[in-house]
Amino acid sequence: MTPWMRWLHKWVGLLIGLQFVLWMASGLMMGLLPHDKVQGHEFRAHAPAPRAWPADVLAAGEVLKQAGPAQVIVSGWLLDRPVYQALDGKRQRLFDARSGRAVVIDRELARALAVASYSGPGKPQTPILLDWTQEVRDHQARSWRVDFDDAQDTTVYLSAQTGEVLEHRNSTWRLFDVFWMLHIMDYANRSNFNNPLVIGAGIGGLWLALTGVWLLVASFHLREFVPQRWRRARELTVYAPNGGKLRTVKAAAGDSVYVALARNGLQLPSNCGGGQSCGLCEVRYRGVPPAPTAADRAHLSESKLKIGHRLACNLPLDADMEVEVAGGASLWTEHEATVERVIAVTPFLREIVLKPAQPPGPEYQPGAYLQVHVPDYELPCDRIVRPDEHHGDWAALDLPDTLSNREAVRRSYSLSLPIDATEGRLTLLARFSPGRQDRKRQPPGKGSTYLYTLQPGDRVNFSGPFGDFAIRPNAREKVFIGGGAGMAPLRAMIHSLLSQGAQERIHYWYGARVLRDAPYVDEMALLAQRNANFSWHLVLSEAAECDDALVRGLVHEAAHDRLLKDHPALLDCDFYLCGPPAMLAATRQLLHRLGVPDEQVAFDDFKI
């Protein structure tokens, strides 16, 4: 439940956080705006001094005889004219106190009343009769609007029934009204402080606080507060997948398998440092495994869970334990390589060719990945080589002047060519991660920044190879679907199949945003031209740069419409997927809807 709750907490927190920012910003702005201008007092004329009621007027009763019944009748002045105002429910009528005739607030009278209530330098414009306006939203009857051409764009509103000045509005008030709307979240009437949106945001904030406390408690374990020397000693025995014993290490009860191995120099692959978010530190429990946690279920398939696979960072050593790990001695063996070439394949995809100090063995299979050891560094931004043809793309990024990494980390990169096609060289394909470019600035990716500053002759350390994303040894029809840096392992697999003389049908559907972002287009087209059993399909999601010969849309939808929908034997196909998380999730859901068993779908999600 924790990963699901963490995901929901993050997105609800984003929504509520945005609203909290709006509440704070709008409240601050309302407080900063001048009160007199907001209230319309700046150009509001003072009310005239009270005047004596004239003696030559009709009695109120006489006016009522002519006007008809009324619940209330009051006297007052309309400019210099004494008047009676009769109220009968919601109806209001105005009568001349001397003649008893009904008074109609026409355009000229409205203009005169507005001028009398105004003390500013502006000139009045032609009055406009309105049925209703948001600027005097509490007045439900008709009103006159008189605009004045001053610096504040003042508008005087008057009741069309009684001539009463309802409000003075101006540009400052209108700005205040926008902030008021954002503050109370009443986007329709701007008057209900207890509308459902405000109540929902309040409930959401309470839920966010409660789940935050729950996640905080769930993130800690009692054993973390007990010193290691006070805990019982445990033994952790590590085996290779073939059953060979690799090593036995001592650990403290309660440590996770990941921590226990790391303390003994056995670094499992990980991009998150044991934070249960990347899924790379996979091990297989020997014996009856504990029940899988929510983190295990989030990163491991059901078939793996059934045979005892678990995340090492989420597997506590409550007793002596035996586990199997993929990679064998590679876990604690560090390799060295020299950079031979760095090629800008697209503006933000770069090929790095490494010559290892020791010839790589057969375990470097297509689909495998290396863990590049990224050292701590502090480098000027101009260390990133930017080819002239890509200058415009990089100029759009707002990168910091200094690129830094405070502590050594490891990052995973797949082989993009089989080693037998490169004379033992290791070819990686790295996508540059620019970080967040909005107001919540985040620095560029530590691993991609390091790789993008490499130059021929530089030394690189790495571990591996790792991973179980590999070609199945059969002659079944194969469908490859990828995007972004997912080109790397799929490219290596396809080259390996074709170079070994594979005769089965092989389809490759690759998605990119625009043609400029797609790597190895000519290479794939040439492979399709030379191999009758291989077909290459480039799919571009943005049509602006699309040629009529290219497929437009999302790659999984294009593959469905042009191949999978009418395929006569989907159950006789193997599928290999690799690419951005959203593309990968959508493609897996598509195959599930088509009834393709999970056993026929291999994927590499880069553990993100």
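Relevant structure appears above.
Caption draft 1: Fine view of the overall build of the protein. Of regular secondary structure, the protein possesses 15 helices and 26 strands. Taken against the 2.2 N^0.38 rule, which gives 25 Å for 608 residues, the C-alpha radius of gyration of the protein at 37 Å runs more than 25% over that of a compact globule. Sequence separation of at least 24 residues holds for 64% of the intrachain contacts in the protein that already meet a minimum separation of 6.

Caption draft 2: Representation of the pairing of strand 23 (residues 534-540) in the model. In terms of residue burial, strand 23 counts as a mostly covered element, since 6 of its 7 residues are buried. With 7 bridges connecting them, strand 22 (residues 506-512) and strand 23 associate as parallel partners. Note on strand 23: the bridge partner recorded for G511 is V539. With helix 13 (residues 521-530) bridging strand 22 and its parallel neighbour strand 23, the resulting β-α-β unit is right-handed. Two strands pair when backbone bridges link them, and strand 23 and strand 24 (residues 551-552) are joined in this way by 2 bridges, in the parallel orientation. Considered in strand 24, the bridge of V539 is made with V551.

Caption draft 3: Representation of the side chain of H373. Looking at where H373 falls in the secondary structure, it is placed in strand 15 (residues 369-374). For H373, the side chain forms a polar contact with the side chain of E334, separated by 3.5 Å. In this structure H373 touches E334, V409, R410, Y450, N461, F462 and S463, once residues within four positions along its chain are discounted.

Caption draft 4: Structural detail: the pattern of salt bridges. Going through the model one piece at a time under the given rule, you end up with 27 salt bridges. A salt bridge links D96 to R81, with the shortest nitrogen-to-oxygen separation between them at 3.8 Å. Of this pair, D96 sits in strand 3 (residues 91-96) while R81 sits in strand 2 (residues 81-88), placing them 15 residues apart in sequence. Overall, R81 belongs to the partly exposed group, its relative accessible area being 34%. Here the salt bridges do not stand alone but share partners, grouping R137, D177 and R190 into one network.

Caption draft 5: Structural detail: the sheet that holds strand 6 (residues 155-159). Spatially, 4 strands are ordered 4-5-6-7 in an open sheet, and the strand pairing comes out antiparallel. Each of the sheet's edge strands pairs with one partner strand only, and the pair in question is strand 4 (128-130) and strand 7 (165-169). Ignoring strand direction, the axes of neighbouring strands in this sheet form an average angle of 25 degrees. Relative to strand 6, strand 5 (residues 143-147) runs antiparallel, the two being bridged by 5 bridges.

Caption draft 6: Structural view of the pairing of strand 22. Counting buried positions along strand 22 yields 7 of 7 residues, so the element is predominantly enclosed. Here strand 22 shows two buried faces, one formed by I506, Y508, Y510 and A512 and the other by H507, W509 and G511. One ladder, built from 6 bridges, connects strand 21 (residues 477-483) with strand 22; its direction is parallel. Residue pairing in the sheet places F480 in a bridge with Y508 of strand 22.

Caption draft 7: Just a nonpolar patch on the surface, in detail. On the surface, W7, W11, L14 and L18 cluster together into a nonpolar patch covering about 410 Å² of accessible area. Within the secondary structure, W11 sits in helix 1 (residues 2-32).

Caption draft 8: Examining the nonpolar core more closely. In terms of nonpolar packing, the biggest core is built from 31 residues, with L354, W394, L426, F432, Y450 and L451 touching the most fellow members. Residue assignment for this core shows that the elements contributing at least two residues are strand 13 (335-346), strand 14 (349-356), strand 15, strand 16 (377-380), strand 18 (409-414), strand 19 (426-431), helix 11 (446-452) and strand 20 (459-466). Counting 28 residues, the second-largest nonpolar core is a separate cluster that includes L429, M487, M524 and A602.

Caption draft 9: Quick look at the sheet that holds strand 26 (residues 601-604). Pairing in this open sheet of 6 strands is parallel, and the strands run 24-23-22-21-25-26 from one edge to the other. Strands with a single pairing partner mark the edges of an open sheet, and in this sheet they are strand 24 and strand 26. Each of strand 21, strand 22, strand 23 and strand 25 (573-578) touches helix 12 (residues 487-499); the most contacted strand, strand 21, lies at about 150 degrees to it. Contacting strand 21, strand 25 and strand 26, helix 15 (residues 581-593) crosses the sheet at an angle of about 160 degrees to strand 25.

Caption draft 10: How the structure looks around the packing of helix 14 (residues 555-564) against helix 15. Axis separation between helix 14 and helix 15 bottoms out at 9 Å; the angle between their running directions is 30 degrees. The orientation of helix 14 with respect to helix 15, classified from their angle, is roughly parallel. Between helix 14 and helix 15, the residues in contact are V555, H556, H560 and L564 and M583, A586, T587, L590 and L591, respectively. Considering only residue class, the contact of helix 14 with helix 15 consists of 6 nonpolar, 3 polar and no charged.

Caption draft 11: Representation of the packing of helix 12 against helix 13. The contact between helix 12 and helix 13 brings their axes to 12 Å, and the two run at 25 degrees. Between helix 12 and helix 13, the angle falls in the class roughly parallel. In this structure, helix 12 meets helix 13 at a crossing whose hand is left-handed. Contacts from M487, R491, H495 and L498 of helix 12 reach helix 13 at E523, M524 and L527. Along the lines of polarity and charge, the residues of the contact of helix 12 with helix 13 split into 4 nonpolar, 1 polar and 2 charged.

Definitions and cut-offs
- Residues numbered from 1 in each chain as written.
- Predicted model: local features only at pLDDT ≥ 70, side-chain atom pairs only at ≥ 80, totals over all residues.
- Heavy atoms only, no water.
- Helix = DSSP H or I, 4+ residues; strand = E, 2+ residues; numbered from the N terminus.
- Rg over C-alpha atoms; globule rule 2.2 N^0.38 Å.
- Contact = heavy atoms within 4.5 Å.
- Buried < 20%, exposed > 50% of the residue type's maximum accessible area, 1.4 Å probe, protein only.
- Pairing = 2+ DSSP bridges.
- Right-handed = clockwise from strand over helix to strand, strands pointing away.
- Polar contact = N/O pair within 3.5 Å; in protein donor to acceptor, adjacent residues only side chain to side chain.
- Salt bridge = Lys/Arg side-chain N within 4 Å of Asp/Glu carboxyl O.
- Axes fitted to C-alpha atoms, helices over the stretch in contact; angles between N-to-C directions.
- Patch = residues over 30% accessible without salt bridge, like charges linked within 9 Å, V, L, I, M, F, W, Y side chains within 5 Å.
- Areas by Shrake-Rupley, 256 points an atom, 1.4 Å probe, with all protein chains shown as cover.
- Core = buried A, V, L, I, M, F, W, Y, C linked by side-chain atoms within 4.5 Å.
- Parallel < 35°, antiparallel > 145°, perpendicular 65-115°, else oblique.
- Nonpolar A, V, L, I, M, F, W, Y, C, P; charged D, E, K, R; others polar.
- Left-handed = near helix turned anticlockwise from the far one by under 90°.

Coordinates in, geometry out; function isn't part of it.
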